[in-house]
Amino acid sequence: MAITPLDRLLEYKLRLLTDSRQPRAFATWWQDLTTAGFSAWFFGGLILDVSAHARDWNESFFTWWHLIFYTGFFATAAWIAWMFVRAHRAEGRTGMAAVPHGYGPAVVGVPLFLVSGIADLIWHQVLGVEADLAILFSPSHLGLAAGGILIVAAPWLSAWRREALAAEPEPIPVEARMAAPALSIGYVLSSLVLFLAYLVPYTSSPRIVAASLKGPGFDGLPVAGIVATTVLVLALAVLATGRFRLPLGFFTVAFAYPAIMAGAYAGFAYGGYVWVFLLSGAWLDFLVWLIRPELRRRRDLLVLAGAWSIPVWAAFLIATGSATGVWPAAEIGIGAPVVAAVVGGLFMLVIQPERRTEVRTIPVEPSPFDDVIARAKAMTANKPAE
């Protein structure tokens, strides 16, 4: 039986899928940054789509914001595929050996996103376009979210694997090396802000928040969102600082897309929440630089929980009152940030290991906060008794 060109093509494709068993390589910093750049296009389209839903624009599958969203996906997927092809051509890698560390989930995410996109098209044509809270629970939308997260998380996972395997870092400034992971984790957070919008108070309008907290008929959802968001932010801070030596500005960059996503969810009706959200990332940057929290030191974790929660949520409530002229009840205005700090502190106590001799993956450096405490103790010790 004659071998046809199709048979040869299938044989070649199967050979590409067969693992060449070479040690997997790491993506370079500029490759990760390029992935993050295409992901900005990809998730920028998602933000436009979310804003269109919030503004009640004429909605169908064939819209210009869907065009930006899906072309961003194809551009990102094509770039990742080119990385695999380049590894094959340069070093003869095939199968998983051609996939850089951290990009394995993207191999699953691309087809999952494609299948979910087709399912979303069918869903819209047959059952119509979702509205309100149903958007966040549509099966096709959940599939799109899962696939998109697996794709855009690649630079973060790449950096994570490099640290986990103790690979030699590239000889470039840490700011350049951590730019792509910061953007990457920001895209992941923006997805969480979208699909957990009912637990993120920044996605509500100030009018709704003010009415919920003024009384006499209180709605506890904004306060529940304050507590839930606090735990999410503290979990991210501990996750990142426990693995990496972070440059100043990491969390500011990471909070940019989530802050914009929160604004888009409300149709950008109020920019104050976007700024409070973004500045909370800058405040977290300062606290991490000052305190340098680590899992071995319970004091640092508790200080971080309180020092981030109380001023951030106080600013949120002040922004709410300033925008509406309706201020929350005094008990809630004072107590909600404190409750968030207490719950955040309890969360820190849960994740803090019992044995403080746990080995860290990065060197421990003295923090400015330690120096302040040491000076205060020295001044107290040298003070003459009255």
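Residues numbered from 1 in each chain as written. Predicted model: local features only at pLDDT ≥ 70, side-chain atom pairs only at ≥ 80, totals over all residues. Heavy atoms only, no water.

**Brief notes about the confidence of the model for the protein chain**
The share of residues in the protein chain with pLDDT of 70 or more is 83%, and the mean pLDDT across the chain is 84. Considering each helix and strand of the protein chain separately, the mean pLDDT is smallest for helix α1 (residues 5-17), with a value of 51, and largest for helix α11 (residues 250-254), with 96. Below pLDDT 50 for its whole length, residues 9-13 participates in one contact with residues either more than four positions away or in separate chains. Low pLDDT, under 50, characterises residues 355-359; the stretch is placed with six contacts to residues that sit more than four places away or in other chains. (pLDDT = per-residue confidence, 0-100. Helix = DSSP H or I, 4+ residues; strand = E, 2+ residues; numbered from the N terminus. Contact = heavy atoms within 4.5 Å.)

**Here we look at a nonpolar patch on the surface**
Taken together, Leu133, Phe137, Leu196, Tyr198, Leu199 and Leu221 make up a surface patch of nonpolar side chains, about 500 Å² in accessible area. Counting through the fold element by element, Leu133 comes out in the loop between α4 (104-127) and α5 (139-152). Judged by its relative accessible area of 47%, Leu133 falls in the partly exposed class. (Patch = residues over 30% accessible without salt bridge, like charges linked within 9 Å, V, L, I, M, F, W, Y side chains within 5 Å. Areas by Shrake-Rupley, 256 points an atom, 1.4 Å probe, with all protein chains shown as cover. Salt bridge = Lys/Arg side-chain N within 4 Å of Asp/Glu carboxyl O. Buried < 20%, exposed > 50% of the residue type's maximum accessible area, 1.4 Å probe, protein only.)

**Regarding the packing of helix α6 (residues 154-164) against helix α8 (residues 179-195)**
Direction vectors running N to C along α6 and α8 enclose 130°, while the axes themselves pass 7 Å from each other. As the angle between them shows, α6 and α8 are arranged oblique. When you trace α6 past α8, the crossing you get is left-handed. In this structure, α6 uses Ala154, Pro155, Trp156 and Ala159 to contact α8, whose residues at the interface are Ala180, Pro181, Ser184 and Ile185. Of the residues assigned to the contact of α6 with α8, the class counts are seven nonpolar, one polar and no charged. (Axes fitted to C-alpha atoms, helices over the stretch in contact; angles between N-to-C directions. Parallel < 35°, antiparallel > 145°, perpendicular 65-115°, else oblique. Left-handed = near helix turned anticlockwise from the far one by under 90°. Nonpolar A, V, L, I, M, F, W, Y, C, P; charged D, E, K, R; others polar.)

**Topic: the side chain of Ser51**
Mapped onto the elements of the fold, Ser51 is located in helix α2 (residues 29-54). Those residues in contact with Ser51 that sit more than four places away from it in its chain are Ala264, Gly267 and Phe268.

**Side note on the packing of aromatic side chains**
On inspection of all chains with the given rule, the structure shows 33 aromatic pairs. Judged by centre distance (6.0 Å) and plane angle (45°), the rings of Phe43 and Tyr187 are tilted. Linking Phe43 in helix α2 with Tyr187 in helix α8, this pair joins segments that are 144 residues apart in sequence. You'll find Phe43 and Tyr187 in the same group, each marked buried. Centre to centre, the rings of Phe255 and Phe277 are 5.7 Å apart; their planes meet at 80°, and the pair counts as edge-to-face. Highlighted residues: Phe255 in the loop between α11 and α12 (256-265) and Phe277 in helix α13 (residues 272-291), separated in sequence by 22 residues. An aromatic cluster is present here, built from Phe42, Phe43, Phe69, Tyr70, Phe73, Phe74, Phe113, Tyr187 and Tyr257 joined pairwise through their rings. Here the guanidinium or amino end of Arg162 rests over the ring plane of Phe26, the centre of that ring lying 4.6 Å away. (Phe/Tyr/Trp six-rings, centres within 6.5 Å; stacked < 30°, edge-to-face > 60°. Lys NZ or Arg CZ within 6 Å of the ring centre and 35° of its normal.)

**Remarks on unusual backbone geometry**
Non-glycine residue Ala166 carries a positive phi angle of around 55°. Relative to the elements of secondary structure, Ala166 occurs in the loop between α6 and α7 (174-177). In this structure, Phe268 is a non-glycine residue whose phi angle is positive, near 55°. Considering the arrangement of structural elements, one finds Phe268 in the loop between α12 and α13.

**Focus on the environment of Leu349**
Positionally, Leu349 belongs in helix α15 (residues 330-351). A sequence separation of 51 residues divides Leu349 from Arg298, and the C-alpha atoms of the two residues are 7.1 Å apart.

**Overview of the packing of helix α3 (residues 64-91) against α4**
Interaxial distance between α3 and α4 falls to 11 Å at its minimum, and their mutual angle equals 155°. When the axes of α3 and α4 are compared, the pair comes out roughly antiparallel. Seen along the crossing, α3 lies across α4 with a hand that is left-handed. Only Ala106, Val107, Val110, Phe113, Leu114, Gly117, Asp120 and His124 of α4 make contact with α3, whose side of the interface consists of His66, Phe69, Tyr70, Phe73, Phe74, Ala77, Ile80 and Phe84. Classifying every residue of the contact of α3 with α4 gives twelve nonpolar, three polar and one charged.

**Some points on α6**
Ala154, Pro155, Trp156, Ser158, Ala159 and Arg162 are the residues of α6 that are buried. Where the residues of α6 are buried, they touch α2, α5, α8, α10 (221-243) and α11. The first or second residue beyond α6 is Ala166, which carries a positive phi of 55°.

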